[in-house]
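Coordinate inspection notes
These are the residues of each chain, in order.
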Amino acid sequence: MSLKAKLTIGIVCQLIILVGMVGFKHFTLLTGKPILLETVPVDPRSLFRGDYVILRYKISRLKSGIIKEQKMPKRGDSIYVVLRKGDEFWEPTTAFLSRPVLTEGEIFIKGTIVSYRWAKSARVEYGIETYFIPEGKGRVIEAATRGEKSHLSVEVAVDRFGCSVIRQLFIDEKPVKLE
Amino acid sequence: MHSEQPQGRKSSEQFRRWMRCEIVLWKKEGLIDSNVSKKLTERYSDESGERLTLSRRLVVITSILGAVLMGVGAILFFASNWQTLSPLVKLITIFIILLGTYFATLRFLIVKEGYPVLGQALLLLTCFFFGAALWLIGQVYNYRGYFPTGVLFWTLGMLPFALTGCSSAVLCLASVLGGVWMGMDLLQFDNPNAWYLLLLVPLLGVTYRTKARFCLTINLLGFSFWLGAFCAPLIDRFTMVHFNEGMLCLFVYLCLGIFLYCIGNLHLVSPSAKSMGAPFRTIGLLTILGVTYILTFRSLLEEVGYNPELFIKMPPALIATLITCWSLALASTIAGTLISKRSPEKPAHTGWELGFLILLLLTAPCYLLLPSSLIMVCLILFNILLLLEAFGLVLLGLCRKQPLYVNLGVATVTVLIFTRYFDFSLKLLSRSFFFMGTGIVLLLIGGLLERTRRHLIQRLKESRNVS
């Protein structure tokens, strides 16, 4: 194989990976259903890591009664959480370790189990726990995530595979503009 | 036997090389003494070649350093949030920069053939920019802050360049990042990812093909770390009760260390593969020394609560696994020694080496059977064992003219002395006297050991020059 062919293969591989990363998230943004999720206060010691904010949702901690599985889930397992719209936010109803069958008005969001305490609760991450922010803009969001004077909610796009992407942050129902 | 004098000018490379060989023969035959030999060697040294090698090295180092600095700068630049640009503009900018780098790399590596070193440096820069692009895209779409998959993507993106032998620097970077991904994934999920082996196998293949010893060392370190992470939960799953997984892991690591060392010896079977044995021997020795060093700590041994009932309850599958590890180490020891003896190198004292390795293997099962009543005896024996290993390495290094063995041996003795000093002095002396006294003792010991090490290395060099 000539050097030119080798380099071309390498460059094409890199471009495929980059386009794939962009395409994967963009597909979810374009085709996903927007839902509003309620956030919960975060431990202020772990709030900032550099220039991004850690977000925690009500659906990040699931009571074990919601998980409808016989076998005990373990760390690293994928979990599919079925959501139904409440008054304002989407709430979890059930959760399964495989793709569930949905009824009308339901969607599912895919997550990964981070920890599981038998008969108590499971902590789940959905890939939407990080939000990058410009420098100096974090204080407003920080206060909102702690629920000090305002409340933070997040609009998330969820596609038919359960993959999710953050679309917009809201503080007291007003969209947050950071740029 | 004298070779035929090459025809041509006196200053030609061939003539110089011929002269250097003749000078060695003249000295052996006693026609000239060391002084004259040295002067003649200097006169006919490969000056132009050395100058060329030096200047080439300078170009390589400068280019690679420039590429690394640019790459790090790019990553830092991209890592800070771009406040004024929209996500779309950010993406377009990064793709334009990346395509520009690809173009420059192709141009200097293929079109303009007179700049191979610059082309290689640009290829490395391309890989850094690719990493920067990954993290920027992650930032735009709010991928996780802790993103081991990003490191995996970075490694996979470099893999075609690494596997096709385009650049040894890229191969090294891919090896390092593969290990980093494995470590980050392990931290996230507590279990080692088996896909790391799938990544490791082709990297090892290319490492051998290109004789990249540094990359081989990195990959062996990654594999050793992976194996330990693999064994610990496996042992945990096997045992129904807590059976002191630490000692079982140490047993497995000792077998691994001996296995790797003997694989290094097996490389002596072929002159072309000989040089690739050194990383195996190095990692193997470090593992063996590391395991023995850990066993010299009282706190660790005191945690071992020997309980015959627990040992009897050990599942057969676990016992079979441990026996398999031990047998593999034994088989590699015997094979390695046989190959060493039959190789053209014929390293010195292979018998002593074999004996010592067999002794280590025979004592290894004792780690699992330590009776709590004999803890102090075991502690003393392990300290003596470590000293024997260290002195054995120094002697072997002197006999085989291997500075690495000497350095490892001296370093082991140094670390052991310092550790034991801290162990005992901290308990016996008040804090202020401890720190002052320790400082003075450390300075003295450090100076003494450095002098001893230099003396040993000097002796090695002199004996090499003579031969």
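Fair warning: this is a prediction, and the values are worked out from it, not measured in the lab.

Re the overall build of chain A
Each helix and strand in chain A was counted, giving two helices and 12 strands. Buried residues in chain A amount to 48% of all 179 residues. Restricting the contact set of chain A to residue pairs at least 6 apart, pairs at least 24 apart contribute 63%.

Focus: the sheet that holds strand E11 (residues 164-171) of chain A
Residue and element names in this part refer to chain A. Pairing is antiparallel across the open sheet formed by four strands, whose spatial order is E1-E10-E11-E12. Looking along the sheet, the strands with just one partner apiece sit at the ends: strand E1 (33-38) and strand E12 (174-175). In this structure, E1 lies alongside strand E10 (residues 152-158), joined through six bridges in antiparallel fashion. Of the residues in E10, the one forming a bridge with Leu 37 is Val 154. Packed on one face of the sheet, helix H1 (residues 3-31) meets E1, E10 and E11 and runs near 60° to E11.

Digging into the interface of chain B and chain A
Listed by partner, the interface residues are 42 residues for chain B and 35 residues for chain A. Interface area, chain B with chain A, both sides summed: about 3,400 Å², of which 67% is carbon and sulfur. Applying the counting criterion to the chain B and chain A interface returns one salt bridge. Measuring nitrogen to oxygen at the nearest pair gives 2.8 Å for the salt bridge that ties Glu 125 of chain A to Arg 144 of chain B. Between chain B and chain A we count seven residue pairs in polar contact (both at pLDDT 80 or more) in total. Contributing elements (two or more residues each) for the side of chain B that touches chain A: helix H4 (87-111), helix H5 (116-140), helix H6 (148-163) and helix H7 (168-189) of chain B.

Structural notes on the confidence of the model for chain B
Here chain B averages 79 in pLDDT, while 79% of its residues score no lower than 70. Prediction confidence for the complex, expressed as pTM and ipTM, is 0.74 and 0.82 respectively.

Some remarks on the nonpolar core
Side chains of a nonpolar character, in soluble globular proteins, are inclined to be buried together. The biggest cluster of nonpolar side chains holds 100 residues, and the ones touching the most others in it are Leu 18 of chain A together with Met 158, Phe 161, Val 170, Ile 258 and Leu 301 of chain B. Non-local contacts of Met 158 of chain B, meaning those with residues more than four positions away in its chain, are made with Gln 14 of chain A together with Cys 127, Val 170, Leu 173, Ala 174 and Leu 177 of chain B. One finds Leu 55, Tyr 57, Val 156 and Ile 166 of chain A within the second-largest nonpolar core, a separate group that totals 34 residues.

Notes on H5 of chain B
Residue and element names in this part refer to chain B. With 25 residues, H5 should reach 36 Å at 1.5 Å per residue; the first-to-last C-alpha distance of 36 Å fits that figure. Of all 25 residues making up H5, 21 are buried, and the element is well covered by its neighbours. Immediately downstream of H5, the backbone of Asn 142 shows phi near 55°, a positive value.

Considerations on the packing of aromatic side chains
Residues and elements named next belong to chain B. Taken as a whole and judged by the stated rule, the model has six aromatic pairs over all chains. Relative to Phe 147, the ring of Trp 135 has its centre 5.6 Å away and its plane inclined at 80°; by these criteria the two rings are edge-to-face. Here Trp 135, found in helix H5, pairs with Phe 147, found in the loop between H5 and H6; they are 12 residues apart in sequence, far enough to count as distant. Centre to centre, the rings of Tyr 293 and Phe 297 are 5.1 Å apart; their planes meet at 90°, and the pair counts as edge-to-face.

Digging into the sheet that holds strand E7 (residues 106-117) of chain A
Residue and element names in this part refer to chain A. In space, the five strands of this open sheet follow the order E4-E8-E7-E5-E6, with antiparallel pairing throughout. The strands lining the two open edges of the sheet, one partner per strand, are strand E4 (61-63) and strand E6 (90-96). Adjacent strand axes in the sheet meet at a mean angle of 45° when their direction is disregarded. Of the pairings in the sheet, the one linking E7 to strand E8 (residues 121-125) comprises five bridges and is antiparallel in character. Note that in E8 the partner of Ile 113 across the bridge is Val 124.

With respect to the pairing of E10 of chain A
Residue and element names in this part refer to chain A. Taken across its seven residues, E10 has six buried, putting it largely inside the fold. Bridge analysis of E10 against E11 gives seven bridges, and the strand direction is antiparallel. The residue of E11 that forms the bridge with Glu 155 is Gln 168. Hairpin remark: E10 followed by E11, antiparallel, with five residues in the connecting loop; positive phi at Gly 162, about 90°.

Criteria and cut-off values
- Residues numbered from 1 in each chain as written.
- Chains lettered and ligands numbered in written order.
- Predicted model: local features only at pLDDT ≥ 70, side-chain atom pairs only at ≥ 80, totals over all residues.
- Heavy atoms only, no water.
- Helix = DSSP H or I, 4+ residues; strand = E, 2+ residues; numbered from the N terminus.
- Buried < 20%, exposed > 50% of the residue type's maximum accessible area, 1.4 Å probe, protein only.
- Contact = heavy atoms within 4.5 Å.
- Pairing = 2+ DSSP bridges.
- Axes fitted to C-alpha atoms, helices over the stretch in contact; angles between N-to-C directions.
- Buried area = accessible area lost by both parts, 1.4 Å probe.
- Salt bridge = Lys/Arg side-chain N within 4 Å of Asp/Glu carboxyl O.
- Polar contact = N/O pair within 3.5 Å; in protein donor to acceptor, adjacent residues only side chain to side chain.
- pLDDT = per-residue confidence, 0-100.
- Core = buried A, V, L, I, M, F, W, Y, C linked by side-chain atoms within 4.5 Å.
- Expected span 1.5 Å × (residues − 1).
- Phe/Tyr/Trp six-rings, centres within 6.5 Å; stacked < 30°, edge-to-face > 60°.

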